[in-house]
Amino acid sequence: MNQSNTQAMNKIRVTIWNEFVHERTNPVVKNIYPEGIHGVIAKVLNQQDEFQARTATLEEPEHGLTAEICEKTDVLTWWGHAAHDEVSDAIVDRVQARVLQGMGLVVLHSGHYSKIFKRLMGTTCLLRWREAGERERVWVANPGHPIAEGLDRCIEIPNSEMYGEPFDIPAPEEQVFISWFEGGEVFRSGCCWRRGNGKIFYFGPGHELYPIYHHPLVQRVMGNAIRWARPQGVWLNPAAAAHAPIEQARERITSKGPQLHDATGSLQV
Ligand code: ZN
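Cut-off values and rules
Residues numbered from 1 in each chain as written. Predicted model: local features only at pLDDT ≥ 70, side-chain atom pairs only at ≥ 80, totals over all residues. Heavy atoms only, no water. Helix = DSSP H or I, 4+ residues; strand = E, 2+ residues; numbered from the N terminus. Buried < 20%, exposed > 50% of the residue type's maximum accessible area, 1.4 Å probe, protein only. Contact = heavy atoms within 4.5 Å. Areas by Shrake-Rupley, 256 points an atom, 1.4 Å probe, with all protein chains shown as cover. Lys, Arg positive; Asp, Glu negative; His and termini not counted. Charge placed at Lys NZ, Arg CZ, Asp CG, Glu CD. Donors = N, O, S within 2.8 Å, 3.2 Å for Na, K, Ca; no water. Patch = residues over 30% accessible without salt bridge, like charges linked within 9 Å, V, L, I, M, F, W, Y side chains within 5 Å. Salt bridge = Lys/Arg side-chain N within 4 Å of Asp/Glu carboxyl O.

As for the overall build of the chain
Line of reasoning, step 1. Counting its regular elements, the chain contains 8 helices and 9 strands.
Line of reasoning, step 2. Taken across its 269 residues, the chain has 45% of its residues classed as buried.
Line of reasoning, step 3. Contacts in the chain between residues at least 24 apart in sequence constitute 70% of all its contacts with a sequence separation of at least 6.
Line of reasoning, step 4. Put simply, the chain shows about 14,100 Å² of open surface, and 52% of that area lies on carbon and sulfur atoms.
Line of reasoning, step 5. Distance between charge centroids for the chain: 5 Å, based on 27 positive and 32 negative side chains.

Here's the deal with the coordination of the zinc ion
Line of reasoning, step 1. Summarising the metal site, the zinc ion is bound by the protein donors His109 (NE2), Glu161 (OE) and His207 (ND1), whose distances to it range over 2.0 to 2.1 Å.
Line of reasoning, step 2. When the donors of the zinc ion are listed by position in the chain, the intervening gaps give H-x51-E-x45-H. Of this pair, His109 sits in the loop between β4 (104-108) and α7 (115-121) while His207 sits in the loop between β9 (198-203) and α8 (216-229), placing them 98 residues apart in sequence.
Line of reasoning, step 3. Given a relative accessible area of 2%, His109 falls into the buried group.
Line of reasoning, step 4. Its relative accessible area of 3% is what places His207 among the buried residues.

Observations concerning helix α4 (residues 36-46)
Line of reasoning, step 1. For α4, a buried count of 9 out of 11 residues is recorded, marking the element as mostly surrounded by other parts of the structure.
Line of reasoning, step 2. Those residues of α4 that fall on the buried side of the exposure criterion are Gly36, Ile37, His38, Gly39, Val40, Ile41, Ala42, Val44 and Leu45.
Line of reasoning, step 3. The inward-facing, buried residues of α4 abut β1 (12-18), α2 (22-25), β2 (51-57), β3 (75-79), β4 and α8.

Overview of a nonpolar patch on the surface
Line of reasoning, step 1. Together, Leu260, Leu267 and Val269 make up an exposed nonpolar region whose accessible area comes to about 400 Å².
Line of reasoning, step 2. As for its position among the elements, Val269 is in the segment after α8.

Some remarks on the pattern of salt bridges
Line of reasoning, step 1. Evaluated as defined, the whole model comprises 14 salt bridges.
Line of reasoning, step 2. A salt bridge links Glu50 to Arg227; the nearest nitrogen and oxygen atoms lie 2.8 Å apart. Here the residue Glu50 occupies a position in the loop between α4 and β2, and Arg227 occupies one in helix α8, the gap between them amounting to 177 residues.
Line of reasoning, step 3. Under the relative-accessibility criterion, Arg227 is labelled partly exposed at 23%.
Line of reasoning, step 4. Ionic contacts of the salt-bridge type, sharing partners, join the residues Arg130, Glu134 and Glu185 into one network.

Here's what the structure looks like:
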């Protein structure tokens, strides 16, 4: 195998998913993201050797998330806003299963209300918001965390949409960022969870009317988050994880007491 193949194998395979609606319908958004939010994020990642990014959008067959593409994705990022309900439940099932196996998921901004995020969190994921173009300071709450690598004390975003508490999520397992907004609110804007073998990161900034994904430190967080969320252990094999009895113990034991199951494993009632 030549060296370029070896390098390609070691790259983190990222799929950047975007519903890609506002960039085509709103002239302000179109002007900021002529190639779509997904286009900007993928371009930035592909300028870095360690990532191999592709894009997928709502209108593609199976929303661009075929079984084969999910199989070849280490980390999926998700941006959606206007069309959450148009995402098919079958694709949500597929993405959820893949996260449980070990795929990382980075959910961005209004993706907080996507079907996949609500499914994985199990709560409403509702929050408070205000669209006033106000200043946001994304404070680093956990400077030793890999997702905060290379950042100073905070990221200053001159114009942002306010997202505020209460944010109806399960308590994050790790809190990386807490945002302050000019109007006075605060928001848990960088949160980590694990579901099955997969890691999930939610990142608050990213309102489509402001050039937030062009901000170099936001781009830095994206790279850090994808690196953190990549599968680092062994993928969970669904067949191996099946609910099955283990008849033979590793050590010699004497079976004691009555059993509810017969020799075939069937439940006797
Ligand atoms: Zn927004």
